[in-house]
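Survey of secondary and tertiary structure
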Amino acid sequence: MKNLLMFLFLPVCCFAQTTKNRDAKRDSIDNNVYRIVATQYAPGYLYSLSFQYERRLNSSLTLLAQTGTGIDVQPFGNIDNRFNKKHQYAFSVFGSVESRYYFNLAHRIKKGKAVHNFSAFYLSLQEFILSNPFVFVNQTASNATQGNNQTFFNFGWQKQYQSIYFHLYGGPSLTRKSFSKYDNNKYLDQWQMGIAIGLVF
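Residues numbered from 1 in each chain as written. Predicted model: local features only at pLDDT ≥ 70, side-chain atom pairs only at ≥ 80, totals over all residues. Heavy atoms only, no water.

1. Considering the overall build of the chain
Looking only at helices and strands, the chain has two helices and nine strands in total. Moving toward the C terminus, one meets the helices and strands of the chain in the order α-β-β-β-β-α-β-β-β-β-β. Within the chain, buried positions represent 34% of all 201 residues. Pairs at least 24 residues apart make up 60% of the contacts formed inside the chain by residues separated by at least 6 positions. Within the structure as shown, the chain displays about 12100 Å² of accessible surface, and the carbon and sulfur contribution to it stands at 62%. (Helix = DSSP H or I, 4+ residues; strand = E, 2+ residues; numbered from the N terminus. Buried < 20%, exposed > 50% of the residue type's maximum accessible area, 1.4 Å probe, protein only. Contact = heavy atoms within 4.5 Å. Areas by Shrake-Rupley, 256 points an atom, 1.4 Å probe, with all protein chains shown as cover.)

Rendered as structure tokens:
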């Protein structure tokens, strides 16, 4: 009987300890957060793979820097036939610096909700720079997304669950400057939106 009780009680203890560890982690905010993130942007067919570093400045404010490779993917040919549809690719590099204010973080902490590594809504000012494309597949330089420098005002939400990172954001472009010899500022998007998933390490 004693061995049976121990056998039944052990899973309960392990579950309680796991829950305790998970609960402790869901409320923790690291001063330095490192991520690998894959993002799909709109408008257009833009994708990126980037390295992010987010630094905690105070209880609600962070500074985020990132750099990575951008991929412009455009369909061509018979785009209505998925079996004959082809794609054009252009590769660029990009970087950005962003100041984020997590305006509902204190409220989430007060309500006992998960805030792991700033899992909350935010407002931000982002300085973004994209190089002109340098590698092309079935694409020409004049038709690919051109290099540019823009300043964005973003509204976003992020969530970290264990080591998995989710991110949604969007906002208008406040300033725009093209690096292209093929077009000028009037062809740059006046807003951005993105959805991302990544790993925190």
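2. Focus on the side chain of serine 60
Checked against the element boundaries, serine 60 lands in the loop between β2 (46-56) and β3 (61-76). Setting aside anything within four residues of it in sequence, one finds serine 60 in contact with Arg100, Tyr101, Tyr102, Leu105 and Phe118.

3. Concerning unusual backbone geometry
For phenylalanine 118, which is not glycine, the phi dihedral falls at a positive 65°. By secondary structure assignment, the location of phenylalanine 118 is in the loop between α2 (105-110) and β5 (121-130).

4. Concerning the confidence of the model for the chain
Across the chain, the average pLDDT comes to 84, with 80% of residues at 70 or higher. Taken element by element, the chain is modelled with least confidence in helix α1 (residues 2-26), mean pLDDT 45, and with most confidence in β5, mean pLDDT 97. Counting interchain partners and residues more than four positions distant, the pLDDT-below-50 stretch residues 1-21 has zero contacts. (pLDDT = per-residue confidence, 0-100.)

5. Comments concerning the environment of arginine 26
Inspection of the secondary structure assignment puts arginine 26 in helix α1. Its relative accessible area of 29% is what places arginine 26 among the partly exposed residues. Along the backbone, arginine 26 and glutamine 160 are 134 residues apart, and their C-alpha atoms lie at a distance of 8.4 Å. If we skip the residues at most four places from it in the chain, arginine 26 touches Gly112, Lys113, Ala114, Val115 and His116.

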